Amino acid sequence: MKNLMKMAALAAVLSTGFASCSSDDDANNTVVNGTQAALDQACANWTVARANWENTEAFLFGAADVYSIDPHTDTWPVAANDLADVLRDEKAMSNLDNFIKTANSGILGYHGLEYVLFRQGQPRQIDQITNLEYNYICAVAKDLYNATATLEAAWDSKESNAERQRIAKEYVATHLAIDDDGNQEGALDGFQNFGKAFKNPGTGDWETALDATLEIISGCQDIIGEVGQSKIGLPYTGEDASYIESPYAYNSIIDFYDNIVSCKNALYGSMDATAPNEKSLIYFCKNAGNATLATQANNVVSKLDNALAKIKAMKAPFALYYSDASCKVAIDALGELDDALGELAETLKGYAGNEKVEAQCKIINENYVDNVIVATYRLLADNAQKLYQSIVNIKK
(Lines give C-alpha, C1' and ligand atoms only; values in the text may rest on other atoms or scores of the structure.)
Protein backbone atom coordinates (compact mmCIF):
# COMPACT_ATOMS: atom_id res chain seq x y z
CA MET A 1 0.00 0.00 0.00
CA LYS A 2 1.42 3.36 -0.94
CA ASN A 3 1.05 6.22 1.53
CA LEU A 4 0.18 9.34 -0.47
CA MET A 5 0.58 11.72 2.47
CA LYS A 6 3.74 13.80 2.12
CA MET A 7 5.64 14.51 5.31
CA ALA A 8 9.08 16.06 5.18
CA ALA A 9 10.24 14.08 8.20
CA LEU A 10 10.02 10.85 6.23
CA ALA A 11 13.29 11.57 4.48
CA ALA A 12 14.96 10.36 7.66
CA VAL A 13 14.04 6.82 6.65
CA LEU A 14 17.19 6.53 4.55
CA SER A 15 19.61 7.95 7.07
CA THR A 16 21.83 5.81 9.27
CA GLY A 17 20.83 7.66 12.44
CA PHE A 18 17.21 6.56 12.72
CA ALA A 19 14.99 8.52 15.06
CA SER A 20 13.89 6.47 18.05
CA CYS A 21 11.04 7.11 20.41
CA SER A 22 13.26 5.76 23.17
CA SER A 23 15.52 8.81 22.81
CA ASP A 24 12.84 11.42 23.54
CA ASP A 25 13.68 13.29 26.74
CA ASP A 26 10.07 13.81 27.75
CA ALA A 27 8.99 10.21 27.30
CA ASN A 28 9.23 7.32 29.75
CA ASN A 29 12.47 5.64 28.67
CA THR A 30 12.34 2.67 31.04
CA VAL A 31 13.79 -0.29 29.14
CA VAL A 32 11.65 -3.41 28.81
CA ASN A 33 12.61 -6.41 30.92
CA GLY A 34 13.15 -8.94 28.15
CA THR A 35 15.71 -11.06 26.35
CA GLN A 36 17.56 -10.57 23.09
CA ALA A 37 16.63 -14.10 22.04
CA ALA A 38 12.93 -13.27 22.37
CA LEU A 39 13.35 -10.07 20.39
CA ASP A 40 15.29 -11.92 17.69
CA GLN A 41 12.48 -14.48 17.47
CA ALA A 42 9.90 -11.73 17.07
CA CYS A 43 11.95 -10.29 14.21
CA ALA A 44 12.18 -13.71 12.57
CA ASN A 45 8.41 -14.12 12.88
CA TRP A 46 7.89 -10.64 11.41
CA THR A 47 9.88 -11.71 8.36
CA VAL A 48 7.72 -14.82 7.87
CA ALA A 49 4.44 -12.96 8.34
CA ARG A 50 5.70 -10.22 6.04
CA ALA A 51 6.36 -12.72 3.25
CA ASN A 52 2.87 -14.13 3.74
CA TRP A 53 1.36 -10.65 3.36
CA GLU A 54 3.32 -9.87 0.21
CA ASN A 55 2.04 -13.15 -1.24
CA THR A 56 -1.50 -11.72 -1.02
CA GLU A 57 -0.94 -8.57 -3.02
CA ALA A 58 -2.17 -9.99 -6.32
CA PHE A 59 -5.65 -10.08 -4.77
CA LEU A 60 -6.04 -6.84 -2.86
CA PHE A 61 -9.54 -6.43 -4.29
CA GLY A 62 -12.47 -7.54 -2.16
CA ALA A 63 -12.01 -7.48 1.60
CA ALA A 64 -8.52 -5.91 1.65
CA ASP A 65 -9.90 -2.93 -0.28
CA VAL A 66 -13.48 -2.69 0.95
CA TYR A 67 -12.45 -2.92 4.62
CA SER A 68 -9.34 -0.70 4.17
CA ILE A 69 -7.16 -3.52 5.50
CA ASP A 70 -4.40 -2.88 2.97
CA PRO A 71 -3.76 0.74 4.03
CA HIS A 72 -4.43 -0.05 7.70
CA THR A 73 -1.73 -2.74 7.82
CA ASP A 74 0.73 -1.86 5.05
CA THR A 75 1.18 1.90 4.75
CA TRP A 76 4.71 3.25 4.36
CA PRO A 77 6.91 5.17 4.90
CA VAL A 78 6.43 5.15 8.65
CA ALA A 79 5.23 8.46 10.07
CA ALA A 80 8.11 8.49 12.57
CA ASN A 81 7.27 11.84 14.17
CA ASP A 82 3.65 10.82 14.64
CA LEU A 83 4.72 7.56 16.23
CA ALA A 84 7.01 9.38 18.64
CA ASP A 85 4.09 11.66 19.57
CA VAL A 86 1.86 8.65 20.29
CA LEU A 87 4.46 7.27 22.67
CA ARG A 88 4.20 10.52 24.68
CA ASP A 89 0.39 10.63 24.56
CA GLU A 90 -0.89 9.25 27.86
CA LYS A 91 -4.48 9.13 26.65
CA ALA A 92 -3.59 7.09 23.56
CA MET A 93 -1.21 4.82 25.43
CA SER A 94 -3.79 4.13 28.15
CA ASN A 95 -6.26 2.55 25.69
CA LEU A 96 -4.16 1.34 22.79
CA ASP A 97 -6.53 -1.34 21.51
CA ASN A 98 -9.20 1.27 20.79
CA PHE A 99 -6.77 3.99 19.69
CA ILE A 100 -5.22 1.77 17.00
CA LYS A 101 -8.57 1.08 15.35
CA THR A 102 -8.76 4.70 14.19
CA ALA A 103 -5.11 5.83 14.26
CA ASN A 104 -3.09 7.24 11.36
CA SER A 105 -2.24 4.19 9.24
CA GLY A 106 1.33 5.45 8.85
CA ILE A 107 2.15 4.30 12.39
CA LEU A 108 0.49 0.87 12.26
CA GLY A 109 0.80 -2.56 10.76
CA TYR A 110 3.91 -4.26 9.43
CA HIS A 111 5.93 -1.09 9.15
CA GLY A 112 4.99 0.29 12.56
CA LEU A 113 6.27 -3.00 13.97
CA GLU A 114 9.31 -2.96 11.70
CA TYR A 115 10.26 0.54 12.89
CA VAL A 116 10.43 -0.62 16.51
CA LEU A 117 11.93 -4.08 15.91
CA PHE A 118 14.68 -3.45 13.33
CA ARG A 119 17.60 -1.17 12.54
CA GLN A 120 19.73 -1.43 9.39
CA GLY A 121 18.52 -4.91 8.55
CA GLN A 122 19.11 -6.37 12.01
CA PRO A 123 17.03 -6.82 15.18
CA ARG A 124 17.46 -3.93 17.59
CA GLN A 125 19.23 -4.50 20.86
CA ILE A 126 16.87 -5.39 23.66
CA ASP A 127 18.28 -2.59 25.84
CA GLN A 128 17.00 -0.07 23.27
CA ILE A 129 13.35 -1.17 23.50
CA THR A 130 11.31 0.78 26.03
CA ASN A 131 8.22 -0.37 27.87
CA LEU A 132 6.19 2.17 25.88
CA GLU A 133 7.44 0.70 22.61
CA TYR A 134 6.73 -2.80 23.88
CA ASN A 135 3.16 -1.96 24.87
CA TYR A 136 2.63 -0.26 21.55
CA ILE A 137 3.88 -3.12 19.35
CA CYS A 138 1.85 -5.63 21.35
CA ALA A 139 -1.29 -3.67 20.49
CA VAL A 140 -0.29 -3.18 16.85
CA ALA A 141 0.53 -6.87 16.42
CA LYS A 142 -2.80 -7.87 17.96
CA ASP A 143 -4.61 -5.55 15.56
CA LEU A 144 -2.58 -6.94 12.67
CA TYR A 145 -3.65 -10.46 13.55
CA ASN A 146 -7.29 -9.38 13.73
CA ALA A 147 -6.98 -7.78 10.29
CA THR A 148 -5.53 -10.93 8.75
CA ALA A 149 -8.15 -13.11 10.42
CA THR A 150 -10.76 -10.82 8.85
CA LEU A 151 -9.28 -11.38 5.40
CA GLU A 152 -9.44 -15.14 5.80
CA ALA A 153 -13.01 -15.11 7.13
CA ALA A 154 -14.26 -12.69 4.48
CA TRP A 155 -13.04 -14.96 1.65
CA ASP A 156 -13.82 -18.37 3.21
CA SER A 157 -16.96 -19.41 1.36
CA LYS A 158 -17.29 -22.44 3.65
CA GLU A 159 -17.11 -20.27 6.81
CA SER A 160 -14.99 -23.00 8.36
CA ASN A 161 -13.44 -21.10 11.30
CA ALA A 162 -16.01 -19.76 13.75
CA GLU A 163 -13.44 -17.83 15.82
CA ARG A 164 -12.09 -15.95 12.82
CA GLN A 165 -15.62 -15.24 11.65
CA ARG A 166 -16.25 -13.66 15.06
CA ILE A 167 -13.04 -11.62 14.88
CA ALA A 168 -13.89 -10.45 11.36
CA LYS A 169 -17.36 -9.21 12.26
CA GLU A 170 -15.98 -7.33 15.26
CA TYR A 171 -13.15 -5.86 13.15
CA VAL A 172 -15.54 -4.57 10.50
CA ALA A 173 -17.82 -3.10 13.14
CA THR A 174 -15.07 -1.23 15.02
CA HIS A 175 -12.56 0.00 12.41
CA LEU A 176 -12.88 2.96 10.04
CA ALA A 177 -12.56 3.26 6.28
CA ILE A 178 -9.42 4.94 4.90
CA ASP A 179 -9.43 7.00 1.70
CA ASP A 180 -6.67 7.17 -0.95
CA ASP A 181 -4.93 9.97 0.94
CA GLY A 182 -4.77 7.97 4.16
CA ASN A 183 -7.58 9.87 5.87
CA GLN A 184 -10.29 8.26 8.01
CA GLU A 185 -13.71 8.53 6.37
CA GLY A 186 -16.38 6.84 8.45
CA ALA A 187 -17.65 3.37 9.20
CA LEU A 188 -16.87 0.33 7.08
CA ASP A 189 -19.54 -1.47 5.08
CA GLY A 190 -21.07 -4.48 6.82
CA PHE A 191 -19.40 -7.89 6.79
CA GLN A 192 -19.86 -9.92 3.61
CA ASN A 193 -18.45 -13.09 2.10
CA PHE A 194 -16.36 -12.28 -0.98
CA GLY A 195 -15.49 -15.93 -1.57
CA LYS A 196 -19.12 -16.83 -2.15
CA ALA A 197 -19.59 -13.84 -4.47
CA PHE A 198 -16.49 -14.66 -6.53
CA LYS A 199 -17.59 -18.28 -6.95
CA ASN A 200 -21.20 -17.39 -7.81
CA PRO A 201 -21.41 -14.73 -10.55
CA GLY A 202 -24.25 -12.27 -10.32
CA THR A 203 -24.44 -12.38 -6.51
CA GLY A 204 -21.81 -9.71 -5.80
CA ASP A 205 -19.30 -7.55 -7.64
CA TRP A 206 -18.77 -9.98 -10.56
CA GLU A 207 -21.60 -10.31 -13.06
CA THR A 208 -20.18 -13.31 -14.91
CA ALA A 209 -17.61 -16.02 -14.23
CA LEU A 210 -15.42 -14.51 -16.95
CA ASP A 211 -15.57 -11.13 -15.19
CA ALA A 212 -14.23 -12.77 -12.05
CA THR A 213 -11.52 -14.62 -13.98
CA LEU A 214 -10.44 -11.36 -15.59
CA GLU A 215 -10.16 -9.91 -12.06
CA ILE A 216 -7.42 -12.49 -11.41
CA ILE A 217 -5.39 -10.88 -14.19
CA SER A 218 -6.30 -7.35 -13.15
CA GLY A 219 -5.20 -8.04 -9.58
CA CYS A 220 -1.84 -9.24 -10.87
CA GLN A 221 -1.44 -6.20 -13.09
CA ASP A 222 -2.20 -3.85 -10.20
CA ILE A 223 0.66 -5.14 -8.07
CA ILE A 224 3.04 -5.54 -11.02
CA GLY A 225 2.48 -1.89 -11.87
CA GLU A 226 2.89 -0.82 -8.25
CA VAL A 227 6.15 -2.73 -7.83
CA GLY A 228 7.65 -1.47 -11.08
CA GLN A 229 6.38 2.09 -11.22
CA SER A 230 6.13 2.97 -7.52
CA LYS A 231 7.97 0.66 -5.16
CA ILE A 232 11.08 0.50 -7.35
CA GLY A 233 10.39 3.32 -9.78
CA LEU A 234 9.79 6.29 -7.47
CA PRO A 235 13.08 5.91 -5.55
CA TYR A 236 15.04 4.87 -8.65
CA THR A 237 14.01 7.90 -10.70
CA GLY A 238 14.57 10.25 -7.77
CA GLU A 239 10.93 11.31 -7.80
CA ASP A 240 10.58 10.19 -4.17
CA ALA A 241 13.69 8.82 -2.49
CA SER A 242 11.80 8.31 0.80
CA TYR A 243 9.33 5.93 -0.85
CA ILE A 244 11.12 2.76 0.22
CA GLU A 245 9.25 -0.23 1.55
CA SER A 246 10.62 -2.14 4.58
CA PRO A 247 13.74 0.07 4.94
CA TYR A 248 14.51 -0.77 8.58
CA ALA A 249 14.54 -4.54 8.03
CA TYR A 250 16.30 -4.16 4.64
CA ASN A 251 13.50 -6.35 3.29
CA SER A 252 12.55 -4.35 0.18
CA ILE A 253 13.78 -6.68 -2.56
CA ILE A 254 12.29 -9.69 -0.78
CA ASP A 255 8.99 -7.76 -0.66
CA PHE A 256 9.14 -7.07 -4.39
CA TYR A 257 9.93 -10.69 -5.20
CA ASP A 258 7.14 -12.02 -3.00
CA ASN A 259 4.68 -9.61 -4.64
CA ILE A 260 5.37 -11.20 -8.01
CA VAL A 261 5.24 -14.68 -6.48
CA SER A 262 1.68 -13.76 -5.50
CA CYS A 263 0.97 -13.27 -9.22
CA LYS A 264 2.52 -16.61 -10.05
CA ASN A 265 0.37 -18.35 -7.45
CA ALA A 266 -2.75 -16.58 -8.73
CA LEU A 267 -2.10 -17.49 -12.35
CA TYR A 268 -0.89 -21.04 -11.63
CA GLY A 269 -3.75 -21.85 -9.26
CA SER A 270 -2.02 -22.74 -5.99
CA MET A 271 0.37 -21.54 -3.29
CA ASP A 272 4.07 -22.11 -3.96
CA ALA A 273 3.20 -23.14 -7.49
CA THR A 274 5.96 -24.35 -9.80
CA ALA A 275 3.67 -25.22 -12.72
CA PRO A 276 0.06 -24.37 -13.59
CA ASN A 277 -2.44 -26.86 -12.17
CA GLU A 278 -5.34 -28.20 -14.24
CA LYS A 279 -7.82 -25.77 -12.69
CA SER A 280 -5.67 -22.68 -13.20
CA LEU A 281 -6.08 -19.76 -15.56
CA ILE A 282 -2.78 -20.36 -17.34
CA TYR A 283 -3.49 -24.08 -17.85
CA PHE A 284 -6.86 -23.25 -19.40
CA CYS A 285 -5.33 -20.67 -21.74
CA LYS A 286 -2.66 -23.11 -22.88
CA ASN A 287 -5.19 -25.86 -23.54
CA ALA A 288 -8.33 -24.05 -24.74
CA GLY A 289 -7.71 -24.89 -28.38
CA ASN A 290 -6.98 -21.28 -29.28
CA ALA A 291 -3.49 -20.76 -30.70
CA THR A 292 -3.46 -17.06 -29.78
CA LEU A 293 -4.37 -17.76 -26.17
CA ALA A 294 -1.77 -20.51 -25.93
CA THR A 295 0.97 -18.27 -27.33
CA GLN A 296 0.01 -15.44 -25.01
CA ALA A 297 -0.10 -17.73 -21.98
CA ASN A 298 3.36 -19.05 -22.78
CA ASN A 299 4.58 -15.48 -23.13
CA VAL A 300 3.17 -14.63 -19.69
CA VAL A 301 5.00 -17.59 -18.17
CA SER A 302 8.27 -16.50 -19.80
CA LYS A 303 7.89 -12.86 -18.74
CA LEU A 304 6.89 -13.91 -15.22
CA ASP A 305 10.02 -16.01 -14.76
CA ASN A 306 12.15 -13.21 -16.19
CA ALA A 307 10.65 -10.58 -13.87
CA LEU A 308 11.30 -12.75 -10.82
CA ALA A 309 14.89 -13.34 -11.93
CA LYS A 310 15.54 -9.63 -12.53
CA ILE A 311 14.14 -8.66 -9.13
CA LYS A 312 16.24 -11.33 -7.43
CA ALA A 313 19.33 -9.93 -9.19
CA MET A 314 18.80 -6.37 -7.90
CA LYS A 315 21.62 -5.00 -5.78
CA ALA A 316 20.78 -5.23 -2.09
CA PRO A 317 19.80 -3.63 0.16
CA PHE A 318 17.45 -1.51 -1.90
CA ALA A 319 17.40 1.14 0.86
CA LEU A 320 21.04 1.87 0.00
CA TYR A 321 21.16 0.96 -3.70
CA TYR A 322 17.82 2.19 -5.01
CA SER A 323 19.54 4.06 -7.86
CA ASP A 324 21.54 1.06 -9.09
CA ALA A 325 21.18 0.09 -12.76
CA SER A 326 19.78 -3.30 -11.75
CA CYS A 327 16.61 -1.50 -10.63
CA LYS A 328 15.91 -0.30 -14.17
CA VAL A 329 16.39 -3.83 -15.51
CA ALA A 330 13.76 -5.09 -13.07
CA ILE A 331 11.38 -2.21 -13.91
CA ASP A 332 11.60 -3.05 -17.61
CA ALA A 333 10.99 -6.76 -16.97
CA LEU A 334 7.90 -5.93 -14.92
CA GLY A 335 6.62 -3.69 -17.70
CA GLU A 336 6.95 -6.55 -20.17
CA LEU A 337 5.04 -8.87 -17.83
CA ASP A 338 2.27 -6.29 -17.44
CA ASP A 339 2.00 -5.96 -21.23
CA ALA A 340 1.86 -9.74 -21.68
CA LEU A 341 -0.98 -10.04 -19.18
CA GLY A 342 -2.83 -7.19 -20.85
CA GLU A 343 -2.71 -8.99 -24.19
CA LEU A 344 -3.99 -12.20 -22.61
CA ALA A 345 -6.87 -10.35 -20.94
CA GLU A 346 -7.92 -8.74 -24.21
CA THR A 347 -8.14 -12.12 -25.93
CA LEU A 348 -10.12 -13.61 -23.06
CA LYS A 349 -12.63 -10.77 -23.23
CA GLY A 350 -13.56 -12.04 -26.69
CA TYR A 351 -15.07 -15.13 -25.05
CA ALA A 352 -17.78 -13.11 -23.30
CA GLY A 353 -21.08 -14.99 -23.47
CA ASN A 354 -19.48 -18.32 -24.39
CA GLU A 355 -21.17 -20.96 -22.22
CA LYS A 356 -18.25 -23.39 -22.28
CA VAL A 357 -15.83 -20.67 -21.25
CA GLU A 358 -18.19 -19.54 -18.49
CA ALA A 359 -18.29 -23.08 -17.14
CA GLN A 360 -14.49 -23.36 -17.23
CA CYS A 361 -14.07 -19.95 -15.63
CA LYS A 362 -16.30 -21.06 -12.77
CA ILE A 363 -13.92 -23.98 -12.14
CA ILE A 364 -10.92 -21.61 -12.29
CA ASN A 365 -12.57 -19.19 -9.88
CA GLU A 366 -13.58 -21.82 -7.34
CA ASN A 367 -10.04 -23.20 -7.28
CA TYR A 368 -8.62 -19.68 -7.05
CA VAL A 369 -10.72 -18.80 -4.01
CA ASP A 370 -10.03 -22.03 -2.11
CA ASN A 371 -6.45 -22.87 -3.07
CA VAL A 372 -4.97 -19.42 -3.61
CA ILE A 373 -6.85 -16.70 -1.72
CA VAL A 374 -8.16 -18.57 1.32
CA ALA A 375 -5.10 -20.81 1.60
CA THR A 376 -2.79 -17.78 1.53
CA TYR A 377 -4.89 -15.76 3.96
CA ARG A 378 -5.13 -18.72 6.34
CA LEU A 379 -1.35 -19.11 6.43
CA LEU A 380 -1.03 -15.33 6.81
CA ALA A 381 -3.42 -15.26 9.78
CA ASP A 382 -1.73 -18.25 11.42
CA ASN A 383 1.69 -16.60 11.19
CA ALA A 384 0.37 -13.17 12.20
CA GLN A 385 -0.97 -14.85 15.33
CA LYS A 386 2.47 -16.36 15.98
CA LEU A 387 4.04 -12.95 15.42
CA TYR A 388 1.70 -11.38 17.97
CA GLN A 389 2.52 -14.04 20.56
CA SER A 390 6.27 -13.72 19.96
CA ILE A 391 6.05 -9.95 20.50
CA VAL A 392 4.15 -10.50 23.75
CA ASN A 393 6.92 -12.93 24.75
CA ILE A 394 9.64 -10.26 24.42
CA LYS A 395 8.87 -9.20 27.98
CA LYS A 396 9.88 -11.66 30.69
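As a reminder, the structure under discussion sits directly above these lines.
Each value, and the rule that gives it
- Residues numbered from 1 in each chain as written.
- Predicted model: local features only at pLDDT ≥ 70, side-chain atom pairs only at ≥ 80, totals over all residues.
- Heavy atoms only, no water.
- Axes fitted to C-alpha atoms, helices over the stretch in contact; angles between N-to-C directions.
- Helix = DSSP H or I, 4+ residues; strand = E, 2+ residues; numbered from the N terminus.
- Parallel < 35°, antiparallel > 145°, perpendicular 65-115°, else oblique.
- Left-handed = near helix turned anticlockwise from the far one by under 90°.
- Nonpolar A, V, L, I, M, F, W, Y, C, P; charged D, E, K, R; others polar.
- Salt bridge = Lys/Arg side-chain N within 4 Å of Asp/Glu carboxyl O.
- Buried < 20%, exposed > 50% of the residue type's maximum accessible area, 1.4 Å probe, protein only.
- Expected span 1.5 Å × (residues − 1).
- Polar contact = N/O pair within 3.5 Å; in protein donor to acceptor, adjacent residues only side chain to side chain.

Draft legend 1. Fine view of the packing of helix α11 (residues 209–237) against helix α16 (residues 325–349). Interaxial distance between α11 and α16 falls to 9 Å at its minimum, and their mutual angle equals 160°. Judged by the angle between their axes, α11 and α16 are roughly antiparallel. Between α11 and α16 lies a crossing of left-handed hand. When the residues that make up the contact of α11 with α16 are grouped by side-chain class, the tally is 17 nonpolar, four polar and three charged.

Draft legend 2. Representation of the pattern of salt bridges within the structure. A full pass over the atoms with the stated rule returns 23 salt bridges. We note a salt bridge from Asp85 to Arg88, for which the minimum N-O separation is 2.5 Å. Taking relative accessible area as the criterion, Asp85 reaches 39% and is therefore assigned partly exposed. Assessed through its relative accessible area of 32%, Arg88 is described here as partly exposed. Connected via shared salt-bridge partners are Arg50, Glu54, Glu57, Asp74, Lys231, Glu245 and Asp255.

Draft legend 3. Structural context of helix α12 (residues 252–268). For α12, which comprises 17 residues, the first-to-last C-alpha distance of 24 Å matches the rise-based estimate of 24 Å (1.5 Å per residue) to within 8%. Counting buried positions over the 17 residues of α12 gives 15, a clear majority of the element. Positive backbone phi, at 90°, marks Gly269, one or two positions downstream of α12.

Draft legend 4. Quick peek at the side chain of Thr75. Turning to its location among the elements, Thr75 is positioned in the loop between α3 (69–74) and α4 (80–86). In terms of polar contacts, Thr75 uses its side chain to reach the backbone carbonyl oxygen of Pro71, at 2.6 Å. Of the polar contacts made by the side chain of Thr75, one reaches the side chain of Ser105; its length is 3.3 Å.

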